[in-house]
Amino acid sequence: MVENNSDILLETGTNEIEIMEFMINENLYGINVAKVREIMLSAPVKSMPHVHPAVEGIFKPRDRVLTVVNLPKYLTGEETEHQPKDLFIVTNFNKMYVAFRVNSVVGISRISWRDIQKPDDAVSGGSEGVATGIAQCGEDLVTILDFEKIVAEIAPETSIKVSEITQLGPRERSNQPIFIAEDSVLLSTLMQEALSKAGYTNLHMYPNGQELWDALCKLKEQEMALESVALVITDIEMPQMDGHHLTKLIKDDRELRKIPVILFSSLITDEMRIKGKQIGADEQLSKPEIGHLVIVMDQLLERSSGETDKQE
């Protein structure tokens with residue numbers, strides 16, 4: 001058993017990521033180390049009825065019952081024979097613990113998010129695919145998997161629910177411009193649907209922090225940034241530029257720092273909250289709590305518009 005020591009978490013805002021590389025059927029895949037809690041030797045699993053075909057069942061290594069996902073079967077759609085040296089990568093994100101079966105763990109590479117390219121639709125499968133990026137780790141190309149999408153497909157009730165917006169009751173429409181950085185095609189679509197239902201009609205979606213930052217810089221050159229962007233919502237994990245680095249750039253800028261920034265990520269833990277606070281994030285919320293996100297958006301926008309009225 002190998003535990004993930006929080007000491008290896010990176011300095012905030014450096015736009016770096018640590019990728020844990022693992023093998024499945026002789027193919028190299030990766031996961032953000034921040035999602036990993038420990039690596040365990042595979043163990044007998046108790047099967048459960050009426051579950052997704054890729055769910056092996058559950059096991060209880062200590063005081064926590066874990067769902068086990070057969071990642072080789074999920075990726076290939078075929079039954080695969082368990083190997084004696086198979087490992088379980090135990091993850092924690094979206095406030096859930098899930099164990100993923102893999103064949104072996106290769107190691108950890110520290111790279112820049114700039115070394116991770118968004119795969120084109122032919123490779124990733126577009127909105128149906130589970131590859132969020134292709135990373136250059138030394139001489140190897142590593143496919144970064146969208147674990148949030150995998151879990152959302154296996155257990156849809158754990159993903160963003162548009163029904164949470166209905167529970168907020170009647171709402172007014174808002175045309176305030178909201179800039180959003182989210183690399184997952186699935187989550188980006190769900191967020192657009194939910195926020196539109198919540199009354200936010202002026203949404204600008206970007207697939208990573210770099211493209212959102214470029215848009216902000218262009219508006220700043222035209223002296224239109226503060227009137228063109230009322231709020232920024234950003235994921236943390238994204239190719240090219242992550243949400244922490246994006247937030248740091250915004251909050252280090254004398255003009256742009258006035259724009260409220262919400263970190264909306266599956267990685268919001270106590271350690272991550274410290275990081276977010278260090279770089280000046282206004283709020284940090286855990287996916288998939290979209291109803292909570294809308295409430296916080298309302299509060300930040302009301303606060304910032306009140307401050308603008310005072311200045312005028």
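Residues numbered from 1 in each chain as written. Predicted model: local features only at pLDDT ≥ 70, side-chain atom pairs only at ≥ 80, totals over all residues. Heavy atoms only, no water.

Enquirer: Got a minute to help me understand the overall build of the protein chain in this structure?
Expert: Helices and strands together make up the secondary structure of the protein chain, namely 10 helices and 17 strands. The globule rule puts the C-alpha radius of gyration for 312 residues at 20 Å, and the 20 Å found for the protein chain is close to it. Judged by the C-alpha coordinates and their principal axes, the protein chain covers about 70 × 45 × 40 Å. Taking all 312 residues of the protein chain together, the buried fraction comes to 54%. Long-range contacts, defined here as pairs at least 24 residues apart, represent 67% of the contacts in the protein chain between residues at least 6 apart. Total accessible area computed for the protein chain in this model is approximately 15200 Å², and 47% of it derives from carbon and sulfur atoms. One finds the centroid of the 31 positive side-chain charges in the protein chain at a distance of 5 Å from the centroid of its 50 negative side-chain charges. (Helix = DSSP H or I, 4+ residues; strand = E, 2+ residues; numbered from the N terminus. Rg over C-alpha atoms; globule rule 2.2 N^0.38 Å. Buried < 20%, exposed > 50% of the residue type's maximum accessible area, 1.4 Å probe, protein only. Contact = heavy atoms within 4.5 Å. Areas by Shrake-Rupley, 256 points an atom, 1.4 Å probe, with all protein chains shown as cover. Lys, Arg positive; Asp, Glu negative; His and termini not counted. Charge placed at Lys NZ, Arg CZ, Asp CG, Glu CD.)

Enquirer: Explanation requested: the pairing of strand β14 (residues 203-206) in the structure shown.
Expert: Of the pairings in the sheet, the one linking strand β13 (residues 178-181) to β14 comprises four bridges and is parallel in character. Bridging across to β14, Ala181 finds its partner in Tyr206. Regarding the hand of the β-α-β motif, the stretch spanning β13, helix α5 (residues 185-197) and β14 is right-handed. (Pairing = 2+ DSSP bridges. Right-handed = clockwise from strand over helix to strand, strands pointing away.)

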